[in-house]
Amino acid sequence: MADHNGTGAESDYDRIGGGPAVRAVVERFYELVLADADLAPFFVGVDMSGLKRHQALLISQVLGGPAEFTGRELRTAHAGLAITAEHFGAVVAHLVTALTEAGAPPEVIARVGAALGATEKDIVTQPVS
Ligand code: HEM
């Protein structure tokens, strides 16, 4: 089985079906985020390819697939967006929904949740008042 993380171990990315499965999850996640009235405004003016890249990177990264970005890039990408913990939680929930619908095993979804939780401090910049 191919690995994309250089460890020789099968990643969650591979376990859920690799590129094709991730593309299906990206499509669904994209629909859910843009259908969410609280989240859609963040993506106004963000070009479509940028949005797709956002989602593909986000999903591949959290699945241990072939995407790489650092905490610094995450902090830079989201600086000034005034994202609250509530927005963050909503994005995570949509990703969990997309993964659940795609048949991802519960332990994979739990790891995704933990990996995303670790990025929260770089992304959430707006305290809830
Ligand atoms: C949950 C973890 C998240 C991860 C791992 C993540 C990842 C990323 C990455 C890697 C980029 C840069 C894409 C690029 O330019 O190549 C980005 C951009 C962006 N993200 Fe996120 N994101 C997350 C959550 C969020 C949330 C909660 C929101 C808003 C509610 C958000 C809104 C945006 C927007 C609007 C951009 C584009 C900024 C611009 O082009 O000026 N992201 N994200």
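On a predicted model such as this, the values are computed, not experimentally measured, just so you know.

Participant: Sorry if this is basic, but what is going on with the overall build of the protein here?
Facilitator: Looking only at helices and strands, one finds seven helices and zero strands in the protein. Listed N to C, the secondary structure of the protein is α-α-α-α-α-α-α in terms of helices and strands. Within the protein, buried positions represent 37% of all 129 residues. Sequence-distant contacts in the protein: of pairs separated by 6 or more residues, those separated by 24 or more amount to 73%. Taken as a whole, the protein presents about 7,100 Å² of accessible surface, with 58% of it coming from carbon and sulfur.

Participant: How should I be thinking about the side chain of His87 in this particular structure?
Facilitator: Of note, His87 is situated in helix H5 (residues 85-101). Excluding residues within four positions of it along the chain, His87 makes contact with Asp38, Leu39, Phe42 and Ala82.

Participant: For this particular structure, what's the right way to read the site of the ligand?
Facilitator: Near the ligand lie 19 residues; those nearest to it are Phe42, Arg53, His54, His78 and Ile123. Between His78 and the ligand, the recorded distance is 2.7 Å, taken from a side-chain N or O atom to a nitrogen atom. Put simply, the parts of the chain that give the shell around the ligand at least two residues each are helix H3 (48-62), helix H4 (71-78) and H5. Among the elements that make up the shell around the ligand, the one with the highest residue count is H3 (four residues).

Participant: Please clarify how the UniProt feature "binding site: heme" (unreviewed entry) in the protein should be interpreted in this entry.
Facilitator: Per the UniProt record, the feature "binding site: heme" (unreviewed entry) sits at His54 and His78. In summary, the annotated positions, though distributed over 25 residues, converge in three dimensions, the widest C-alpha pair being only 11.2 Å. Examined against the element boundaries, His54 turns out to sit in helix H3. Residue classification places His54 among the partly exposed residues on the basis of a relative accessible area of 26%. If we skip the residues at most four places from it in the chain, His54 touches Phe43 and His78. A polar contact is formed between the side chain of His78 and the backbone oxygen of Leu74, at a distance of 2.7 Å.

Participant: How should I be thinking about the environment of Ala85 in this particular structure?
Facilitator: You can see Ala85 is positioned in helix H5. Judged by relative accessible area, Ala85 falls into the partly exposed class, the value being 36%. C-alpha separation for the pair Ala85 and Gln126, spaced 41 residues apart in sequence, amounts to 7.7 Å. With sequence-adjacent residues up to four places away left out, Ala85 is seen in contact with Glu120, Val124 and Gln126.

Participant: Help me understand the pattern of salt bridges, please; the structure alone is not making it clear to me.
Facilitator: Oppositely charged side chains can form a pair if their charged atoms are brought close together. Applying the stated criterion across every chain yields a total of seven salt bridges. Between Glu31 and Arg28 there is a salt bridge, with the nearest N and O atoms lying 2.8 Å from each other. Here Arg28 and Glu31 lie together in helix H2 (residues 18-34), a separation of three residues that amounts to about one turn. The residue Asp122 makes a salt bridge to Arg75 at a minimum N-O spacing of 3.0 Å.

Participant: Would you take a moment to explain H5 for this structure?
Facilitator: When the terminal C-alpha atoms of H5 are compared, their 24 Å separation across 17 residues agrees well with the 24 Å that a helix rising 1.5 Å per residue should span. Every buried residue of H5 is listed here: His87, Phe88, Val92, His94, Leu95, Ala98 and Leu99. Along the axis of H5, the buried residues cluster in a sector spanning 155 degrees; they form a single face. On its buried face, H5 is in contact with H2, H3, helix H6 (106-117) and helix H7 (120-123). Two residues or fewer past H5, Gly103 is found with a positive phi of approximately 85 degrees.

Reading the values: rules and limits
- Residues numbered from 1 in each chain as written.
- Predicted model: local features only at pLDDT ≥ 70, side-chain atom pairs only at ≥ 80, totals over all residues.
- Heavy atoms only, no water.
- Helix = DSSP H or I, 4+ residues; strand = E, 2+ residues; numbered from the N terminus.
- Buried < 20%, exposed > 50% of the residue type's maximum accessible area, 1.4 Å probe, protein only.
- Contact = heavy atoms within 4.5 Å.
- Areas by Shrake-Rupley, 256 points an atom, 1.4 Å probe, with all protein chains shown as cover.
- Near = heavy atom within 4 Å.
- Polar contact = N/O pair within 3.5 Å; in protein donor to acceptor, adjacent residues only side chain to side chain.
- UniProt positions renumbered as here; feature names shortened; annotations may be inferred.
- Salt bridge = Lys/Arg side-chain N within 4 Å of Asp/Glu carboxyl O.
- Expected span 1.5 Å × (residues − 1).
- Arc of directions from axis to C-beta.

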